[in-house]
Amino acid sequence: MTPTPPYTPEVIRQHGLTPDEYARLEALLGRAPTWPELGVFSVMWSEHCAYKSSRVHLRRLPTTGPRVIQGPGENAGVVDAGDGWAVVFKMESHNHPSFIEPLQGAATGVGGILRDVFTMGARPIALLNALRFGRPDHPRTPYLVKGVVGGIGGYGNCVGVPTVGGDASFDACYDGNILVNAFALGVARADRIFLGRAEGVGNPVFYVGSKTGRDGIHGATMASEEFGEGSEAKRPTVQVGDPFTEKLLIEASLEVMGADLLAGVQDMGAAGLTSSSCEMASRAGSGLVLELDRVPMRETGMTPYELLLSESQERMLMVCKRGREDELLAIVRRWGLDVCEVGRVTDSGRFVCRWHGDVVVDVPVGALVDEAPCYDRPRIEPPSPTPLADADLPPMADAGADLRALLATPTIGSKRWIYRQYDHMVQTGTVIRPGAGDAAVVRLPETQRGVAMSVDCNARYCALDPYAGAGLAVVESALNVACVGARPVAVTDCLNFASPERPEVMGTFAAAIDGIAAACAALETPVVSGNVSLYNETEGRGIHPTPMIGMVALMEDAAAAVGSGFPTDGLAVVVLGEAPPALGGSVWLGLRGDPLRGLPPRLDPAAARKVIDALLAAHAAGLVASAHDVSEGGLAVALAECTFAHGVGVAADLSAGEGPLPARLFGEAIGTVVVATADRDALLALAQRLGVTAWFVGPTGGDRVVITVDERRVVDAGVADLRAAWEAALPAVVAARGPL
Amino acid sequence: MRFTVVSFPGSNCDHDCVRVVEEVLGEQAALVRHTADDLDRPDVVLLPGGFSYGDYLRCGAIAARAPVMAAVRRFAEGGGPVLGICNGFQVLTECGLLPGALGRNAGLDFVCDDVWLTVEGRATPFTRGVRRDAPLRVPVAHHDGCYFADDATLARLEGEGQVVFRYVDAAGRSDATANPNGSRANIAGICNAAGNVVGMMPHPERCAEPLLGGVDGRLLFDAVRGVLS
């Protein structure tokens, strides 16, 4: 039975609308909405689609630069990669579905981000993912880790796009809300970028891809609510992925675009047919009329409401140039996909849907998009973190034991168990594989160039100081790509926060935006695309602010990329940069209780910029044999990690450091880099010339990690022994059997 | 010399094979679709990796019945060199051009990693002259690479020199720790009785350029080029 107005407050609430928003909707329409219209407003005005709590703040991000071809607002950002090529990339969250159903939730997250990229006319050449799980011993963690990794692998492997890198860590704040952020990058000719615009009055609109089913209805609304008891019952709102169809859709779409048949194109992602139609019409200032009864359907008895809100996967909406319809049909059918003309572009400025001739939706596009609610929600300034007195530091009995314990934490431990399940070599372009360097490097087809990518965010820093923490995520990801030898050029972000309706959360969001903006401005890496995921909380417990940063960087010669491991004996190990080591929020502090104490690392984007410039100059001069940035676990962990790849040990003297011993070894000095070089004098001279502190700590060689401070040997451990602990960390987590 | 690469819906290493042929070997490549009834004048046929038809039903099962396979069979039965890589190996077992079957990895997870292989058995077009004194390093990337054949078939394969690649460690030892997927007798690749049809799970096309961290895979392509020219 179709409900008819007036709607009860309960029905309005179930559509994620407040009483005020519903009143505004009626005022805009001048009448009560039809049932399908109520569904359309419900998704278009959701936090997920409308960014209603975040828009006022996102405006503060730097989004322009000489290399930017397309900034935020389209399906993905586009940056000039030189020689007429462009890289197209974006990162997006699939947190809520992945917590409810990890395998399909993560898989469809990969599918969605791929569509955002190839929708722009770019062939996807790389995937990365940033994962945040609850504490390792939480009973649900093994199930979630295995499901998410299996889902990402199952999808990416089948579509034939290599998953070349990523980041995974564990913290109790994600016990009830894991994060699955997927990043995709593609390449296109810079003058052949396709936009999501419904251009050209009278042009036919084609539906291409999988049939529409009842899966995922109200997914966007679900992603705009916090979890509570009974979230499991929301499993039907999670979509099911079919990577085989996605692979066909990639090939068919790129072929259609290559034949110049399209006036506009957009994938059907969150809020499905509704949002792809309305966003395309809104960007072009046009209108659309859709014949919903023509949409290919998977099930019988589907209603207009369901068709408009379904989030069935692997579907595209293509606006064909008039007169080219037969060519489009021929290509799509050759790939064995469903295709149907479902509507036309109009100049009415209205989104109109008919069902067997009857108008069931007729609303102004502007009301759905431009008039969507936009809130400057109340916020409380985050409290300033307080320094941790040396006297309050927990005691450290055995630095070697602590080093081993840090390497054995799943956050620092090897991620091989994960990336071994991802095909990271398909397309034969992977130059730096996962685990081999600080960033993934993939060659750009038909050129000598390489593109480096890294995803990063330390949420403990953000919990202590969201401004510094968010900026540090930018700094660290920029250092990662500089370590392999690439110049950072642009950023995509995925801003994961708790409920925006809590002023303290909104305060952290605003501060994080300012931190990202400051760091991106200093590094000249504009934000060209991104995504906001709010309401990451369960029963009132929110996640730490987690503004994930995806950094994209370019290098002239992909063959010049270097890894993070010491390649041979007899090299000089030099630490570049003078960022002070910080124990606030450190993994070491977490070994001894609550890590959320003290000051996080200092954010100094200008200093980081100097280090990056020096590092790239050293790369250009051929002085870098390996490079690895100091991050979680501090300098001692960074040194140990450098020994694992090739089994080449190190003897380091850290006497020149400052502060108490735990800080010197395990303080997280974000902004410093461990470089191995064959020409110590040249590297030190180069650093001095560029005004960057450089500090020789010792030679590579042997099969032990030896660290000396003030003539005291504080660490002396076998490389093989440390590596075994580091490699066992993640398998130990997933070996535990937990309940579903 | 002309290499035909067969492309099924869901093949995703077809372009990687074309790339090696054209850009590494400097030879001609033809990409032929699953519906073709002709292989476009091949000297060599490559069945590439990927997830043909989504791996639905069983890996390679639907591709084995695709129209183009009639032409592949004719070419193979005429003695033409055919190499099936990964999913291509699965297709060759499913269509009966090679014995045995490939099942789910013993560890149940997808495995993407470098492995070491010894070259042994008869001199196939893809292994003639390839070094046998030291193992090759070649990547694998598969979920269903566990080679199975019954005892009689296995004995015949070993006896007739039809086991052409075996998983070993870097030192050349063939044992359980060197086996990435639980294959019987560490088998990574086999050939047919005539020796012209070869199937292997590892991906030689992924290690044919120094930029990608290895060049041992190139040896197989060079071998077939040497045999035919």
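Remember, it's a predicted structure, so these values are computed and weren't measured experimentally. (Residues numbered from 1 in each chain as written. Chains lettered and ligands numbered in written order. Predicted model: local features only at pLDDT ≥ 70, side-chain atom pairs only at ≥ 80, totals over all residues. Heavy atoms only, no water.)

Draft legend 1. Broad picture of the overall build of chain B. Counting its secondary structure elements, chain B contains five helices and 11 strands. In terms of overall dimensions, chain B has a C-alpha envelope of 40 × 35 × 30 Å along the principal axes. Classification of the 229 residues of chain B by burial places 64% in the buried group. Considering only intrachain contacts with a sequence separation of at least 6, the fraction spanning at least 24 residues in chain B is 76%. Taken as a whole, chain B presents about 8,100 Å² of accessible surface, with 51% of it coming from carbon and sulfur. Between the centroid of the 21 positive side chains of chain B and the centroid of its 28 negative side chains there is a distance of 3 Å. (Helix = DSSP H or I, 4+ residues; strand = E, 2+ residues; numbered from the N terminus. Buried < 20%, exposed > 50% of the residue type's maximum accessible area, 1.4 Å probe, protein only. Contact = heavy atoms within 4.5 Å. Areas by Shrake-Rupley, 256 points an atom, 1.4 Å probe, with all protein chains shown as cover. Lys, Arg positive; Asp, Glu negative; His and termini not counted. Charge placed at Lys NZ, Arg CZ, Asp CG, Glu CD.)

Draft legend 2. View of the pattern of salt bridges. Here the structure, examined in full by the defined rule, presents 63 salt bridges over all chains. Of the charged contacts, one joins B:Arg19 and B:Glu209 as a salt bridge, the two residues approaching to 3.5 Å between their closest N and O atoms. Note that B:Arg19 is positioned in helix 1 (residues 14–24) and B:Glu209 in the loop between strand 11 (197–200) and helix 5 (218–228), a separation of 190 residues in sequence. When its relative accessible area of 14% is taken as the criterion, B:Glu209 is described as buried. The partner of B:Asp151 in a salt bridge is B:Arg184, with the nearest N and O atoms 2.9 Å apart. One end of the pair, B:Asp151, is in helix 4 (residues 151–159); the other, B:Arg184, is in the loop between strand 9 (163–168) and strand 10 (187–191), and 33 residues separate them in sequence. Residue class for B:Asp151 comes out exposed when judged on its relative accessible area of 54%. B:Arg184 gets classed as partly exposed once you look at its relative accessible area, which sits at 28%. Salt bridges here are not isolated pairs; linked through shared partners, they connect A:Glu74, A:Arg197, A:Glu279 and A:Arg283. (Salt bridge = Lys/Arg side-chain N within 4 Å of Asp/Glu carboxyl O.)

Draft legend 3. Spatial organisation of the sheet that holds strand 11 of chain B. All names here are of chain B. The mixed open sheet is built from nine strands, whose spatial order is 2-1-3-4-11-10-9-6-7. The strands lining the two open edges of the sheet, one partner per strand, are strand 2 (28–33) and strand 7 (136–142). The sheet shows a mean angle of 25° between the axes of neighbouring strands, direction not considered. Relative to strand 11, strand 4 (residues 82–85) runs parallel, the two sharing four bridges. (Pairing = 2+ DSSP bridges. Axes fitted to C-alpha atoms, helices over the stretch in contact; angles between N-to-C directions.)

Draft legend 4. Spotlight on the sheet that holds strand 2 (residues 77–82) of chain A. Residue and element names in this part refer to chain A. Taken together, six strands build an open sheet; the order of strands is 1-2-3-6-4-5 and the sheet is mixed. Edge positions in the open sheet fall to strand 1 (68–70) and strand 5 (163–170), since each of these has one partner strand only. Between one strand and the next, the sheet's axes are offset by a mean angle of 25°, whatever the strand orientation. Bridging between strand 1 and strand 2 involves two bridges; their strand directions are antiparallel. Paired with Gln70 across the bridge in strand 2 is Val78.

Draft legend 5. Expanded view of the interface of chain B and chain A. Contacts between the two partners involve 25 residues from chain B, matched on the other side by 28 residues from chain A. Buried surface at the junction of chain B and chain A, summed over both partners, amounts to about 2,400 Å²; 54% is from carbon and sulfur atoms. The residue B:Asp114 makes a salt bridge to A:Arg433 at a minimum N-O spacing of 3.0 Å. Remark: the boundary between chain B and chain A carries 11 residue pairs in polar contact (both at pLDDT 80 or more). (Buried area = accessible area lost by both parts, 1.4 Å probe. Polar contact = N/O pair within 3.5 Å; in protein donor to acceptor, adjacent residues only side chain to side chain.)

Draft legend 6. Inspection of the environment of A:Arg55 at higher detail. All names here are of chain A. Residue placement: Arg55 occurs in helix 5 (residues 55–58). Sequence separation between Arg55 and Val532 is 477 residues; the distance between their C-alpha atoms is 9.6 Å. Beyond its immediate sequence surroundings of up to four residues, Arg55 is in contact with Ala50, Ala372, Pro373 and Cys374. Of the polar contacts made by the side chain of Arg55, one reaches the backbone oxygen of Ala372; its length is 3.2 Å.

Draft legend 7. Quick peek at the packing of aromatic side chains. Summed over all chains, the structure comprises 12 aromatic pairs over all chains. Both rings, one in A:Phe41 and one in A:Trp45, keep their centres 5.1 Å apart while their planes meet at 85°; by these two values the pair is edge-to-face. Since its relative accessible area comes to 0%, A:Phe41 is described here as buried. Put simply, the rings of A:Tyr7, A:Tyr22, A:Trp35 and A:Tyr305 pair up and form one aromatic cluster. Between A:Arg140 and the ring centre of A:Phe99, over which it is positioned, the NZ or CZ distance is 4.6 Å. Taking NZ or CZ as reference, B:Arg33 lies 5.3 Å from the ring centre of A:Trp335, over its face. (Phe/Tyr/Trp six-rings, centres within 6.5 Å; stacked < 30°, edge-to-face > 60°. Lys NZ or Arg CZ within 6 Å of the ring centre and 35° of its normal.)

Draft legend 8. Just a nonpolar patch on the surface, in detail. Residues and elements named next belong to chain B. Together, Tyr56, Leu57 and Ile62 line one region of the surface with nonpolar side chains, adding up to about 310 Å² of accessible area. Mapped onto the secondary structure, Leu57 falls in the loop between strand 3 (44–47) and helix 2 (68–77). On the basis of relative accessibility, which here comes to 70%, the residue Leu57 falls in the exposed class. (Patch = residues over 30% accessible without salt bridge, like charges linked within 9 Å, V, L, I, M, F, W, Y side chains within 5 Å.)

Draft legend 9. Structural context of the pairing of strand 21 (residues 546–555) of chain A. Residue and element names in this part refer to chain A. With 10 of 10 residues buried, strand 21 lies mostly within the body of the structure. Of the two faces of strand 21, both are covered, the one formed by Thr546, Met548, Gly550, Val552 and Leu554 as well as the one formed by Pro547, Ile549, Met551, Ala553 and Met555. The sheet contact formed by strand 16 (residues 450–456) and strand 21 spans seven bridges and is antiparallel. The residue of strand 21 that forms the bridge with Asp456 is Ile549. Taken together, the nine bridges between strand 17 (residues 487–496) and strand 21 define a ladder with antiparallel strand orientation.

Draft legend 10. Up close: the side chain of A:Arg140. As for its placement among the helices and strands, A:Arg140 is situated in the loop between strand 4 (123–133) and helix 8 (141–159). Here A:Phe99 takes part through its backbone oxygen, which lies 2.5 Å from a polar atom of the side chain of A:Arg140.

Draft legend 11. The arrangement of the side chain of B:Glu209 in detail. Among the polar contacts listed, one links the side chain of B:Glu209 to the side chain of A:Arg443, at a separation of 2.9 Å. B:Glu209 has contacts with A:Arg443, B:Arg19, B:Val24, B:Gly214 and B:Val215, leaving out every residue within four places of it along the chain.

Draft legend 12. Representation of the confidence of the model for chain B in the model. Here chain B averages 97 in pLDDT, and 100% of its residues register 70 or above. Two summary scores accompany this predicted model of the complex, namely pTM at 0.96 and ipTM at 0.97. (pLDDT = per-residue confidence, 0-100.)

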